[in-house]
Amino acid sequence: MARPIATTAVDATVTIPGSKSVTNRALVLAALAAEPGWVRRPLRSRDSQLMADGLRALGVGIEEQVNNDCGGVGGGEAWRIIPTGTFAGPARIDVGNAGTVMRFLPPLAVLADGPVHFDGDPRSYERPQHGVIDSLRALGARIEDGGRGGFPLTVHGTGALDGGVVELDASASSQFVSALLLSGARYNQGVEVRNTGGPVPSLPHIRMTVDMLRLAGVQVDAPEDGGEPDVWRVTPGALLGRDLVVEPDLSNAAPFFAAALVTGGRVTVRDWPRHTTQPGDQLRDLFTRMGGSCQFVDEGLEFTGSGKIHGIEADLHDVGELTPVIAAVAALADSESVLSGIAHLRLHETDRLAALAKEINELSGDVTETADGLRIRPRRLHGGVFHTYEDHRLATAAAVLGLAVPGVLVENVATTAKTLPDFPAMWAELLGQAAG
Ligand SMILES: O=C(O)C1=C[C@@H](OP(=O)(O)O)[C@@H](O)[C@H](O)C1
Ligand SMILES: C=C(OP(=O)(O)O)C(=O)O
């Protein structure tokens, strides 16, 4: 995708599709429930499709309805989830490169009536999975992993799991904890997850898991509610079928607010929730520190750029998925930025620290990798191909750079289909151009 620089300040209102994290949790919880439920305004993307297909392979009914009027809540698209109580095996599941699918489904597959074979994109072989697999084994599951501790692997479901207390190192991914908690209420003894490793990243995502479990009627003890630090406990019990409206994906608002910052323009994101567990909500603070300002308006959240972009020193441990777009904005700022607390990004869709440093430097930037992040010294950039390594967030970061730097070519912008298939058209509309 080649984008000329934005010649005028953007001024737009955008509708961001549903959150990947909320959609995929909602699907898992609805599949585990004792009664049917609804997921409204779900994200339609590669990651949510992989999740839905995985659950269907296990026998869960998912009926996709468009423009229905089911109960009047949410409106628009809705998926009706019909759980079967048990999960069917043998089954085959493709996890793609979706962290939520590769971590959340094996703990559910232990409840299947037979073997469930998992495989995925080449990158899924490299992403950490030990926190899920070793934990499930410790809780009584039989899993074959082909000798590498990860994919491809076979979970030998027996219809039930003892569960109980498990210790793991969750410093590589919060998804290890979320994964075990989501299915834990269906284990005979529930589950108690104890992190014995370093600090867990992306804690708001665990909070999201805990809140959504509670909405499904599950009793959860968590550290932030006065519980023991680094310990989460799920009491065994049935899950309720819920009617849930998915919030817009706030992490995918990042490139659009960045466009307001970079062009000195204004972007309103519709339906921004006033209260949310999504880490993307921290964009309000981060991008304000970088030179913009925001306010809630009737339609949603309005973000305005001042025409100036400041560097930032920020610990992004909780909000790692925002890093690529923040790094792109930082490369266009008037002072140095230091982004820290994000060593775990080396094991995301790609090694994001290496990829951002390499690609921005290829455009004549000055980015160095630190032990746990990036140091970004803004320099005048020139155009060139920005490689995206099949990482949706590298592609949106490159598009942001392309607003200010003539001749930036985003290689494989279609990779945004992981969480935002409409990105090329939405971006073209933002800039008042034809998609292409
Ligand atoms: O549970 C989730 O929905 C997510 C948790 C985070 O993963 P890590 O804890 O592996 O960073 C985040 O980066 C990812 O985009 C989504
Ligand atoms: C890390 C991410 O995704 P995943 O769910 O595949 O871990 C991300 O979306 O930034």
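Keep in mind it's a predicted model, so treat the numbers as computed, not measured.

## With respect to the overall build of the protein
Then, in step 1: Of regular secondary structure, the protein possesses 12 helices and 22 strands.
Then, in step 2: Against the compact-globule benchmark of 22 Å for 436 residues, the protein has a radius of gyration of 21 Å, which places it among compact chains.
Then, in step 3: Buried residues in the protein amount to 56% of all 436 residues.

## Regarding the sheet that holds strand β12 (residues 231-234)
Then, in step 1: Here we have four strands laid out as an open sheet, ordered β9-β10-β12-β11, and mixed in their pairing. Every other strand in the sheet has two partners, leaving β9 (164-168) and β11 (220-221) as the edge strands with one partner each.
Then, in step 2: Pairing of strand β10 (residues 191-195) with β12, which is carried by four bridges, proceeds in the antiparallel orientation. Opposite R194, over in β12, you have V231 as the bridge partner.
Then, in step 3: Helix α5 (residues 175-184) rests against β9, β10, β11 and β12 of the sheet, and its axis sits at about 170° to β10.

## Regarding the domain arrangement of the protein
Then, in step 1: When the domains of the protein are assigned, the result is domain 1 (11-17 + 248-430) and domain 2 (20-243).
Then, in step 2: Counting residues at the interface gives 17 residues for domain 1, matched by 22 residues for domain 2.
Then, in step 3: Per-class residue counts for the side of domain 1 that touches domain 2 are six nonpolar, six polar and five charged.

## Observations regarding the environment of A216
Then, in step 1: Mapping A216 onto the fold places it in the loop between α6 (203-215) and β11.
Then, in step 2: Classification of A216 by C-beta neighbours within 10 Å gives buried; the count is 25.
Then, in step 3: The spacing of A216 and R233 is 17 residues in sequence and 15 Å in space, taken between C-alpha atoms.
Then, in step 4: If we ignore the near neighbours within four places in the chain, the residues touching A216 are L29, A33, L239, L240 and R242.

## Some words on the UniProt feature "active site" (unreviewed entry) in the protein
Then, in step 1: When the UniProt feature table is mapped onto this chain, "active site" (unreviewed entry) is found at E321.
Then, in step 2: Positionally, E321 belongs in the loop between β17 (313-315) and α9 (323-330).
Then, in step 3: E321 gets classed as buried once you count the C-beta atoms within 10 Å, which come to 28.
Then, in step 4: Residues contacting E321, with those up to four places away along its chain left out, are S251, P279 and R393.

## Let's talk about the nonpolar core
Then, in step 1: Judged by nonpolar contacts, the single largest core of 74 residues is most densely connected at L27, L29, V39 and L181.
Then, in step 2: With near-sequence residues (within four places) excluded, L29 lies in contact with L182, M212, A216 and L239.

## Considerations on the site of ligand 2
Then, in step 1: Close to ligand 2 lie A98, G99, T100, E321, H348, E349, R393 and T419, which account for all nearby residues.
Then, in step 2: Its residues assigned to classes, the shell around ligand 2 comprises one nonpolar, four polar and three charged.
Then, in step 3: Each of domain 1 (11-17 + 248-430) and domain 2 (20-243) gives at least three residues to the shell around ligand 2.

## Thoughts on the UniProt feature "binding site: phosphoenolpyruvate" (unreviewed entry) in the protein
Then, in step 1: Within this numbering scheme, the UniProt entry marks K20, G99, R127, Q175, R352, R393 and K418 as carrying the feature "binding site: phosphoenolpyruvate" (unreviewed entry).
Then, in step 2: As for its placement among the helices and strands, R393 is situated in helix α11 (residues 392-404).

## Description of the site of ligand 1
Then, in step 1: Around ligand 1 sit 13 residues in total, of which S21, S173, S174, S202 and H205 are the nearest.
Then, in step 2: When contributions to the shell around ligand 1 are tallied by element, the ones reaching two or more residues are α3 (99-109) and α5.
Then, in step 3: Looking at the shell around ligand 1, its residues break down into one nonpolar, 11 polar and one charged.
Then, in step 4: Residue assignment places the shell around ligand 1 across two domains, with domain 1 (11-17 + 248-430) and domain 2 (20-243) each supplying three or more.

## Some remarks on the packing of helix α7 (residues 254-263) against α9
Then, in step 1: One way to put it is that α7 packs onto α9 with a least axis distance of 10 Å and a crossing angle of 10°. In this view, α7 runs roughly parallel relative to α9, as classed from their interaxial angle. Here A254, P255, A258, L261 and V262 of α7 come into contact with α9, specifically with V325, A328 and V329.
Then, in step 2: Here the residues of the contact of α7 with α9 are counted per class, giving eight nonpolar, no polar and no charged.

## Quick look at α11
Then, in step 1: With 12 of its 13 residues buried, α11 lies for the most part within the structure.
Then, in step 2: All of the buried residues along α11 are H392, R393, L394, A395, T396, A397, A398, A399, V400, L401, G402 and L403.

## Describing the environment of A414
Then, in step 1: Looking at where A414 falls in the secondary structure, it is placed in the loop between β22 (408-410) and α12 (423-430).
Then, in step 2: Since 15 C-beta atoms lie within 10 Å of it, A414 is described here as partly exposed.
Then, in step 3: Sequence separation between A414 and L182 is 232 residues, and the spatial gap between their C-alpha atoms is 31 Å.

## Quick notes on the sheet that holds strand β8 (residues 153-156)
Then, in step 1: The four strands are arranged β5-β6-β8-β7 in an open sheet whose pairing can be described as mixed. What marks the edges here is a single partner per strand, and that holds for β5 (91-94) and β7 (142-144). Pairwise comparison of adjacent strand axes, ignoring direction, gives a mean angle of 20° for this sheet.
Then, in step 2: Across four bridges, the pairing between β5 and strand β6 (residues 115-119) is parallel. Along β6, the bridge assignment pairs I93 with F118.

So, how was this worked out
In this convention, every chain numbers its residues from 1, walking through the sequence in written order. A letter from A marks each chain and a number from 1 marks each ligand, given out in the order of writing. The predicted origin of the model limits local features to residues at a pLDDT of at least 70 and limits the giving and counting of side-chain atom pairs to 80 or more, whereas totals for whole chains, interfaces and linings rest on all residues. Helix and strand definitions here come from DSSP, where helices need a minimum of 4 consecutive H or I residues and strands a minimum of 2 consecutive E residues; each element is numbered from the N-terminal end. Each radius of gyration is computed over the set of C-alpha atoms, and the globule rule expresses the reference value as 2.2 Å times the number of residues to the power 0.38. Any residue whose C-beta has 12 or fewer other C-beta atoms within 10 Å is treated as exposed, any with 20 or more as buried, and any in between as partly exposed, C-beta atoms being built from the backbone. Two strands pair under a simple rule: DSSP has to find at least two bridges between them. What counts as a contact is two residues whose backbone-derived C-beta atoms lie within 7 Å of each other. Fitted lines through C-alpha atoms give the axes, limited to the stretch in contact for helices. The angle between two N-to-C directions lies from 0 to 180 degrees. Each domain's extent was defined by an automatic or database domain assignment. We call Asp, Glu, Lys and Arg charged. Ala, Val, Leu, Ile, Met, Phe, Trp, Tyr, Cys and Pro are nonpolar, and the rest, Gly among them, are polar. UniProt positions are given in the numbering used here, feature names are shortened, and annotations may be inferred rather than shown by experiment. By convention the nonpolar core is taken to be a set of buried residues drawn from Ala, Val, Leu, Ile, Met, Phe, Trp, Tyr and Cys and joined through C-beta atoms within 7 Å. Whether a residue is near a molecule or strand depends on its C-beta atom, placed from the backbone, lying within 6 Å of it. Any angle between 65 and 115 degrees counts as roughly perpendicular, while under 35 counts as roughly parallel, over 145 as roughly antiparallel, and the rest as oblique.

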